[in-house]
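Structural description and commentary
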Amino acid sequence: NNCPDKGKMRNSYCRVCDSRAHSSDRCPTIWRCYITIKTKDKIGMPQIWCYNCGSKGHFGDECLQQRSSRTPNLNGSSFSGGNLPKSLRSQYYS
Amino acid sequence: EGVPLDDKPIQQYPWIKNRDHSKQLELSDWLTLEIKDFINYISPSIAEIEARNNAVKRLRKEITTNLWPDCYVNVFGSFATDLYLPGSDIDMVITSDSGKYCAKSYLYQLSSFLRSKNLGVNIETIARAKVPIIKFIEPRSKIHIDVSFEKTNGLRAAERIQGWLRETPGLRELVLIVKQFLAVRRMNNVHHGGLGGFSIICLVHSFLSLHPRLITNSIDPLDNLGVLLIEFFELYGYNFGYDNVILSYNPTVCYLKKEEHSYLGASNTFALAIQDPDDPSNNISRSSYDIRNIKRSFIGAFELLTNKCYELQAASYKERLGQSILGGIIRYTGKERDFEDA
Ligand SMILES: [Zn+2]
Ligand SMILES: [Zn+2]
């Protein structure tokens with residue numbers, strides 16, 4: 001009950017992603033950092049699969065079904081529309 | 001936060017010897033370079049490759065000329081796909097056009113042949129198993145060899161995996177890391193509920209084939225092995241719906257819902273299900289009953305890698321020197337290997 005980490009969690013705030021799920025010094029952007037390829041070709045929407053329910057068309061982070069895993073996904077994962085190139089993001093979220 | 005930065009001896013992380021990546025601006029790049037160093041370090045030397053090839057050649061020649069002229073001696077598994085770690089077994093299978101070598105008597109014939117010709121020591125004949133095999137040590141190379149009879153599914157799988165490796169950059173690197181990670185924790189033995197080689201390959205292959213950055217060609221996996229390794233542990237440690245989802249190939253990588261394909265295993269129970277691409281009614285990972293612990297170990301790997309990144313992000317250049325990120329999850333305790341030879 002006196003766990004210092006718990007207290008810290010409650011007050012945590014990340015300036016980088018404007019999130020209360022973690023503090024700035026534990027921000028996933030510290031490691032979720034890609035060397036990207038610059039391509040000019042327009043790409044179509046690829047086939048997307050959901051790690052949570054197994055359906056086609058959305059990523060697990062955006063699944064509307066009840067979460068199957070008992071471990072929480074507080075910060076979001078790589079399997080999210082946010083990880084698509086900008087040109088596809090609006091199409092994905094619409 | 002209160003964890004002191006220790007200078008761990010290089011003996012535990014021999015791949016960092018003379019390879020300093022502490023000046024990398026991004027920690028994911030540091031980890032990528034460390035993964036490449038590790039792969040270099042554990043990749044077999046020319047002498048090791050030759051010892052393995054010669055052992056196979058010798059056995060093939062002896063068996064086909066002096067015992068059974070109508071049989072084929074094939075290799076499959078990690079030896080055939082080049083995904084073996086130092087000290088891995090060689091999987092061999094005897095096949096024939098007639099299929100006659102599945103009879104038990106041949107099992108005993110081969111084991112006494114190996115004994116009389118000094119081709120094997122510590123020979124064990126396991127006749128009662130579902131897949132009867134002979135296990136022995138090839139005396140010159142000291143390599144452990146398993147021989148099975150008239151089972152061709154391993155050969156088909158090896159061919160398929162060779163194709164995946166050609167068209168999926170990063171697959172070999174991540175598979176070798178995950179294999180070593182599980183091997184150190186003794187979670188890679190299917191006979192004890194662990195993840196077998198083919199299951200590990202399928203997990204990594206599915207992950208790489210469904211990743212948003214890779215399906216849109218926005219990154220080169222070989223430049224991003226570090227972040228991809230962490231995200232592999234993130235997917236299968238935290239997020240994957242083991243109760244509901246089957247890894248599948250139809251004909252390319254996809255998921256299936258367990259409730260619609262109950263023949264692949266109990267529906268909606270916590271268990272890994274991987275549909276065999278060569279036999280859709282077969283679940284490759286059906287004997288991996290220890291998946292709960294494996295999932296837990298993936299969470300541990302994610303936490304160790306990311307915590308090390310947070311710690312190093314806050315550290316000074318001096319404190320970063322000589323540190324290893326990968327060393328948090330991988331140990332290499334075998335005899336020291338010659339880097340230059342690798
Ligand atoms: Zn953040
Ligand atoms: Zn879903």
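Residues numbered from 1 in each chain as written. Chains lettered and ligands numbered in written order. Predicted model: local features only at pLDDT ≥ 70, side-chain atom pairs only at ≥ 80, totals over all residues. Heavy atoms only, no water.

On to the packing of aromatic side chains. Within this structure, the stated rule accounts for 25 aromatic pairs over all chains. When the ring of Tyr-92 of chain A is compared with that of Tyr-93 of chain A, the centres are 5.0 Å apart and the planes differ by 85 degrees; the resulting orientation is edge-to-face. Its relative accessible area of 47% is what places Tyr-93 of chain A among the partly exposed residues. Aromatic side chains Phe-233 of chain B and Phe-298 of chain B sit 5.5 Å apart centroid to centroid with 50 degrees between the ring planes, which places their arrangement in the tilted category. Separated by 65 residues along the polypeptide, Phe-233 of chain B in helix α9 (residues 225–239) and Phe-298 of chain B in helix α10 (residues 291–314) bring together distant segments of the chain. In terms of burial, Phe-233 of chain B and Phe-298 of chain B fall into one category: buried. Here the aromatic residues Tyr-51 and Phe-79 of chain A together with Phe-181, Phe-207, Phe-232, Phe-233, Tyr-236, Phe-240, Tyr-242, Tyr-255, Phe-270 and Phe-298 of chain B are joined through ring pairs into a cluster of three or more. Lying over the aromatic face of Tyr-84 of chain B, Arg-52 of chain B brings its terminal NZ or CZ to 4.2 Å of the ring centre. (Phe/Tyr/Trp six-rings, centres within 6.5 Å; stacked < 30°, edge-to-face > 60°. Buried < 20%, exposed > 50% of the residue type's maximum accessible area, 1.4 Å probe, protein only. Helix = DSSP H or I, 4+ residues; strand = E, 2+ residues; numbered from the N terminus. Lys NZ or Arg CZ within 6 Å of the ring centre and 35° of its normal.)

Counting from both sides, the interface comprises 47 residues of chain B and, opposite them, 41 residues of chain A. Between chain B and chain A the total buried area reaches about 3,700 Å² when both faces are included, carbon and sulfur atoms providing 56% of it. Between the two partners, chain B and chain A, sit 3 salt bridges. Arg-70 of chain A serves as the salt-bridge partner of Asp-243 of chain B, at 3.4 Å between the closest nitrogen and oxygen. Counting across the interface, chain B meets chain A through 23 residue pairs in polar contact (both at pLDDT 80 or more). When residues of the side of chain B that touches chain A are traced back to their parent elements, those giving at least two are α1 (27–42), α7 (197–210), α8 (212–215), α9, β7 (253–257) and α10 of chain B. Counting residues per element, the side of chain B that touches chain A draws most heavily on α10 of chain B, at 10 residues. The class makeup of the residues in the side of chain B that touches chain A is 21 nonpolar, 13 polar and 13 charged. (Contact = heavy atoms within 4.5 Å. Buried area = accessible area lost by both parts, 1.4 Å probe. Salt bridge = Lys/Arg side-chain N within 4 Å of Asp/Glu carboxyl O. Polar contact = N/O pair within 3.5 Å; in protein donor to acceptor, adjacent residues only side chain to side chain. Nonpolar A, V, L, I, M, F, W, Y, C, P; charged D, E, K, R; others polar.)

As a further point, take the domain arrangement of chain A. All names here are of chain A. As far as domains go, chain A holds domain 1 (1–33) and domain 2 (36–94). The partner domain 2 presents 5 residues to the 5 residues of domain 1 that form the contact. For the pair domain 1 and domain 2, the summed buried area comes to about 340 Å², and 50% of that belongs to carbon and sulfur atoms. Counting across the interface, domain 1 meets domain 2 through 0 salt bridges. Inspection of the region where domain 1 meets domain 2 yields 2 residue pairs in polar contact (both at pLDDT 80 or more). (Domains from an automatic or database assignment.)

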